[in-house]
Amino acid sequence: MTNGERDDHEFSSGQGFDEDYEEFTLDPPELKVDPTKVDPVDSRVVTDELDRRNIASDQVDVEQLVDVGLSYMQINRFEEATETFERAARFGDEDSLEAQEAWVNKGAAHAELEEWDEAIGSYREALRIDDDSEHAASAETNLAYALWNAGEIEEALRHAERAVEIDPRFPQAWYNRGFFLRERGLNEEAVNAFDNAIRLGMRTADVLEEKAAALEELGQDEEAEQAQQQADELRQEREQEMLQQQQQNR
């Protein structure tokens, strides 16, 4: 992520989020069709399966609805995902953790559609339910990302800092905090935040590139070059892994 642009949503994805982010796993066990092995022309096979699971019943299984929503996200059906997560939130016990999780996921689906107002509203609803629960840090960091995209930089930083306060061992929160600090020119604090994210296991090319940019702004050119080199090596490793996976799937 460079030049102030953020390309993906880490459901982790309001920076979204990367594949290591645990809060929003996109692999529900009940989905019997592997989307990676279905011909794109025949993607209706997957969605038909999801639709069958999404039929209303007298007793709605909220957990299953959330799985359906996550499955929709896996095949980039984000509009259907938002509708499914909202159903899950409405059918769940009022102000329950299940409902809160559904609202956070709904916000993430809106973020994928770049519907920032809707994403912000969903995250705020999740935090209204409980601003100190196991899902609160995810809601706060995702809200920070959505606010940043909506041009609310100052408020975005406040929520990024709140995410760190709720869960100081949440690497995504530290990464987002570092990103927003760098946007404001607070590069020394940004480097510390990126180091915390790396120390907590988020050693990705994006984090290292952001750290390199902050170090360069501080005039620490040698350290910046080292961080950028590490980022380049990680990207090359990732490209090699993807190439090997493609060859294996042939």
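Predicted model, so just to flag it, every value in this text is computed and none were measured. Positions within a chain are numbered from 1, following the residues in the order the chain's sequence is written. With the structure being a predicted model, the display of local features is reserved for residues of pLDDT at least 70 and the display and counting of side-chain atom pairs for 80 or more, all residues being used for whole-chain, interface and lining totals. Side-chain measures were taken over the full set of non-hydrogen atoms in the model, leaving aside hydrogen atoms and water.

### Overview of the overall build of the protein chain
Next up, step 1: Helices and strands together make up the secondary structure of the protein chain, namely eleven helices and zero strands.
Next up, step 2: Ordered by position in the sequence, the α and β elements of the protein chain form the string α-α-α-α-α-α-α-α-α-α-α.
Next up, step 3: Relative accessibility under 20% of the residue-type maximum defines a buried residue, over 50% an exposed one, and the middle range a partly exposed one, all with a 1.4 Å probe and only protein chains included. When the 250 residues of the protein chain are sorted by exposure, 50% land in the buried category.
Next up, step 4: The method behind every accessible area is Shrake-Rupley, applied with a 1.4 Å probe, and residues are considered shielded solely by the protein chains displayed. If you sum the accessible surface of the protein chain, you get close to 13,300 Å²; carbon and sulfur atoms cover 39% of it. The helix and strand labels rest on DSSP assignments: H or I over at least four residues marks a helix, E over at least two residues marks a strand, and numbering proceeds from the N terminus.

### Some points on the packing of aromatic side chains
Next up, step 1: Whether two aromatic rings pair depends on their centres lying within 6.5 Å, for rings of Phe, Tyr and Trp, where Trp uses its six-membered ring; planes under 30 degrees apart make the pair stacked, over 60 edge-to-face, and the rest tilted. Counted under the stated rule, the structure contains five aromatic pairs.
Next up, step 2: Where Tyr-145 meets Trp-148, the ring centres are 6.4 Å apart and the plane angle is 15 degrees; that geometry is what we call stacked. Of this pair, Tyr-145 and Trp-148 both sit in helix H6 (residues 136–149), three residues apart, roughly one helical turn. Comparing Tyr-145 with Trp-148 shows no difference in burial state: the two are buried.

### Side note on the side chain of Lys-211
Next up, step 1: Tracing the sequence through the fold places Lys-211 in helix H10 (residues 205–217).
Next up, step 2: Look at Lys-211 and you get buried, because its relative accessible area is 19%.

### Details of the nonpolar core
Next up, step 1: Met-73, Phe-85, Tyr-123 and Phe-180 are the most contacted members of the largest nonpolar core, which totals 60 residues.
Next up, step 2: With nine residues, H6 is the single largest residue contributor to this core. In these notes, a set of buried Ala, Val, Leu, Ile, Met, Phe, Trp, Tyr and Cys residues joined through side-chain atoms within 4.5 Å is what counts as a nonpolar core.

### Notes on the packing of helix H9 (residues 187–199) against H10
Next up, step 1: Think of each axis as a best-fit line through the C-alpha atoms, taken over the contacting stretch in the case of a helix, with angles from 0 to 180 degrees between the N-to-C directions. Viewed as axis vectors pointing N to C, H9 and H10 meet at an angle of 155 degrees, and their least axial separation amounts to 9 Å. Here H9 lies roughly antiparallel to H10, going by the angle between them. In this structure, the crossing between H9 and H10 has a hand that is left-handed. Contact residues: Asn-187, Ala-190, Val-191, Phe-194, Asp-195 and Ile-198 in H9; Val-207, Leu-208, Glu-210, Lys-211, Ala-214, Leu-215 and Glu-217 in H10. To sort the angles, those under 35 degrees are grouped as roughly parallel, those over 145 as roughly antiparallel, those from 65 to 115 as roughly perpendicular, and the leftovers as oblique. Handedness of a crossing follows from how the near helix is turned relative to the far one, being left-handed for an anticlockwise turn of less than a right angle and right-handed for a clockwise one. Contacts were defined at the residue level, with two residues in contact if any of their heavy atoms lie within 4.5 Å.

### Some details on unusual backbone geometry
Next up, step 1: A positive phi is found at Asn-76, a non-glycine position, where the angle reads about 60 degrees.
Next up, step 2: Positive phi is not limited to glycine here, since Asp-95 has a value of about 60 degrees.
Next up, step 3: Inspection of the secondary structure assignment puts Asp-95 in the loop between helix H3 (78–91) and helix H4 (97–112).
Next up, step 4: Overall, Asp-95 belongs to the partly exposed group, its relative accessible area being 38%.

### A look at the environment of Ala-150
Next up, step 1: Structurally, Ala-150 can be placed in the loop between H6 and helix H7 (153–166).
Next up, step 2: Under the relative-accessibility criterion, Ala-150 is labelled partly exposed at 37%.
Next up, step 3: Between the C-alpha atoms of Ala-150 and Trp-116, which are 34 residues apart in sequence, the distance is 6.3 Å.
Next up, step 4: Dropping the residues within four chain positions of it, Ala-150 is found in contact with Trp-116 and Ile-120.

### Examining helix H5 (residues 116–129)
Because each turn of an α-helix spans 3.6 residues, side chains separated by three or four positions in sequence point in the same direction.
Next up, step 1: Expected span of a helix: the number of residues minus one, times 1.5 Å. Look at H5: 20 Å from first C-alpha to last across 14 residues, which is about the 20 Å you get at 1.5 Å a residue.
Next up, step 2: All of the buried residues in H5 are Trp-116, Ala-119, Ile-120, Ser-122, Tyr-123, Ala-126, Leu-127 and Ile-129.

### Overview of the pattern of salt bridges
When the charged atoms of two side chains with opposite charge come close together, those side chains can pair.
Next up, step 1: Only one rule defines a salt bridge in this text: a Lys or Arg side-chain nitrogen within 4 Å of an Asp or Glu carboxyl oxygen. Using the criterion set out here, one finds 15 salt bridges in the structure.
Next up, step 2: Notably, a salt bridge pairs Arg-77 with Glu-80, separated by 2.5 Å at the nearest N-O pair.
Next up, step 3: When the shortest N-O distance is used, the salt bridge between Glu-241 and Arg-238 registers 3.6 Å. Remark: Arg-238 and Glu-241 occur in helix H11 (residues 221–249); sequence separation between them is three residues, near one turn of the helix.
Next up, step 4: By relative accessible area, Arg-238 is classed as partly exposed at 34%.

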